[in-house]
Amino acid sequence: MELIDTHCHLDVPEFAADRAAVRQRCGAAGLVGIVIPAIDADGWPDLLALCADGSAVGPALYPALGLHPVYLDRHRETDIAALERMVSDRKLVAIGEIGLDYFVRELDPARQQALFEAQLEIARSTGLPVLLHVRKAHDEVLTTLRRLPVVGGIAHAFNGSLPQAQQYRDLGFKLGFGGMLTFARSTKLGRLAAQIPLESIVLETDAPDLTVAAHRGERNSPEYLPDVLAALARVRDADPGELAAFTTANARAVLALP
């Protein structure tokens, strides 16, 4: 059984002490790939170095570069030009993590929108998919994507409505489900995961955040991805092995992974 974590911040300091051991345990858990999206330009060099390091045992690591909407105070005016240069110089699987976040009220919506559109333009010019961060802004993101269409991508940690899911699907996007699906209280999310067509679902952890129920209160880790798979199998009343094959194929298809 092969699994791909389509959204994991393995490059952040929370993994500094045991990153190699985590990656090794991921391999033992069946992971064959981990997609690592960036959050700010200062983190790009270390992220790229981590993904290029072939000495560690475990799944392949795939880089995505972008400017996360929550960290507006970290982004500089020169970062978009720097991203354009990095995309031309490096082999990336996506532009990300990008999007809109209206949950954090102090974030400037206009500045978020401008940053989002500038990064979509890079994705459009390079033909790369995008990894979306969306909170309380699905309609605004969908409107922007219809105006500035890209080749597709993943709506990370999807928690919108079924009609919104269909709109993302129409635009070539897969929908990411992670640790929140493992909690018994996540009934709405469970219904979504049961109703959305399987060909549109991918798995993720968003580690070190949004941990699974079995590790509540602890650092999340990509090695817990099988817990997400088990939760998906439960809500869909399906065989985990078949779901693993489908979701892994979906991830490979949307991100052009080997």
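Residues numbered from 1 in each chain as written. Predicted model: local features only at pLDDT ≥ 70, side-chain atom pairs only at ≥ 80, totals over all residues. Heavy atoms only, no water.

Caption draft 1: Geometry of the nonpolar core. Core analysis: the biggest nonpolar cluster contains 73 residues, and Leu132, Tyr168 and Phe177 have the highest contact counts within it. Sorting elements by how many residues they give to this core places helix α8 (residues 225-236) first, with six residues. (Core = buried A, V, L, I, M, F, W, Y, C linked by side-chain atoms within 4.5 Å. Buried < 20%, exposed > 50% of the residue type's maximum accessible area, 1.4 Å probe, protein only. Helix = DSSP H or I, 4+ residues; strand = E, 2+ residues; numbered from the N terminus.)

Caption draft 2: Up close: the environment of alanine 118. As for its placement among the helices and strands, alanine 118 is situated in helix α4 (residues 109-126). Exposure remark for alanine 118: the relative accessible area of 23% places this residue in the partly exposed category. Separated by 60 residues in sequence, alanine 118 and glycine 178 have C-alpha atoms that sit 28 Å apart.

Caption draft 3: Structural context of the environment of proline 69. Here proline 69 lies in the loop between β3 (60-65) and α3 (79-89). A relative accessible area of 0% places proline 69 in the buried class. For proline 69 and glycine 178, which are 109 residues apart along the polypeptide, the C-alpha to C-alpha distance reads 20 Å. Setting aside residues no more than four positions away along its own chain, proline 69 makes contact with Glu97, Ile98, Gly99, Leu100, Asp101, Leu107, Gln112 and His133. (Contact = heavy atoms within 4.5 Å.)

Caption draft 4: Inspection of the side chain of histidine 133 at higher detail. Following the sequence through the fold, histidine 133 ends up in strand β5 (residues 130-135). By relative accessible area, histidine 133 is classed as buried at 8%. For histidine 133, the residues in contact, after removing those within four places along its chain, are His68, Pro69, Val70, Glu97, Ile98, Gly99, Leu100, Asp101 and His156.

Caption draft 5: Looking closely at the side chain of glutamine 164. Position of glutamine 164 among the secondary structure elements: in helix α6 (residues 162-170). Among the polar contacts made by the side chain of glutamine 164, one reaches the side chain of aspartate 139 at a distance of 3.0 Å. (Polar contact = N/O pair within 3.5 Å; in protein donor to acceptor, adjacent residues only side chain to side chain.)

Caption draft 6: Molecular detail of the packing of aromatic side chains. This structure, assessed with the given rule, holds two aromatic pairs. Residues phenylalanine 158 and tyrosine 168 carry aromatic rings whose centres are separated by 5.8 Å and whose planes lie at 85° to one another, so their mutual orientation is edge-to-face. Here phenylalanine 158 is found in the loop between β6 (153-155) and α6, whereas its partner tyrosine 168 is found in helix α6, with 10 residues between them in sequence. Taken individually, phenylalanine 158 and tyrosine 168 each receive the classification buried, so the pair is uniform in this respect. Ring centres of tyrosine 168 and phenylalanine 173 lie 6.1 Å apart, and the angle between their planes is 65°; on these two criteria the pair is classed as edge-to-face. Taken as a pair, tyrosine 168 and phenylalanine 173 share a single burial class, namely buried. Counting every residue linked through ring pairs, the aromatic cluster contains Phe158, Tyr168 and Phe173. (Phe/Tyr/Trp six-rings, centres within 6.5 Å; stacked < 30°, edge-to-face > 60°.)

Caption draft 7: A look at helix α1 (residues 19-28). Listing the buried residues of α1 in full gives Val22, Arg23 and Cys26. All buried residues of α1 fall inside an arc of 100° around its axis, so they share one side. Turned more than 90 degrees from where α1 packs its buried face, Ala20 and Ala28 sit exposed. In the core, the buried residues of α1 are packed alongside β2 (31-37), α2 (44-52) and β3. Looking one or two places after α1, you find glycine 30, whose phi comes out positive at around 100°. (Arc of directions from axis to C-beta.)

Caption draft 8: Spotlight on the pairing of β5. Counting buried residues along β5, five of its six residues qualify, which places the element largely inside the surrounding structure. Pairing between strand β4 (residues 94-101) and β5: six bridges, direction parallel. By the bridge assignment, isoleucine 98 is partnered in β5 with leucine 132. Between the parallel elements β4 and β5, the chain passes through α4 in a crossover that is right-handed. Where β5 and β6 come together, three bridges link them in parallel fashion. Bridging across to β6, leucine 132 finds its partner in alanine 155. (Pairing = 2+ DSSP bridges. Right-handed = clockwise from strand over helix to strand, strands pointing away.)

Caption draft 9: Main features of unusual backbone geometry. Geometrically, the link from glycine 96 to glutamate 97 is a cis peptide bond, its omega value of 20° lying close to zero. Topologically, glutamate 97 is positioned in strand β4. Following alanine 207, the chain continues to proline 208 via a peptide bond in cis, the omega torsion being 15°. With respect to the secondary-structure elements, proline 208 resides in the loop between β8 (201-203) and α8.

Caption draft 10: Expanded view of a positive patch on the surface. Residues Arg105, Lys136, Lys188 and Arg191 make up a contiguous surface patch of positive charge. Mapped onto the secondary structure, arginine 105 falls in the loop between β4 and α4. (Patch = residues over 30% accessible without salt bridge, like charges linked within 9 Å, V, L, I, M, F, W, Y side chains within 5 Å. Areas by Shrake-Rupley, 256 points an atom, 1.4 Å probe, with all protein chains shown as cover. Salt bridge = Lys/Arg side-chain N within 4 Å of Asp/Glu carboxyl O. Lys, Arg positive; Asp, Glu negative; His and termini not counted. Charge placed at Lys NZ, Arg CZ, Asp CG, Glu CD.)

Take it as geometry only, folks, not as evidence of what the structure does.
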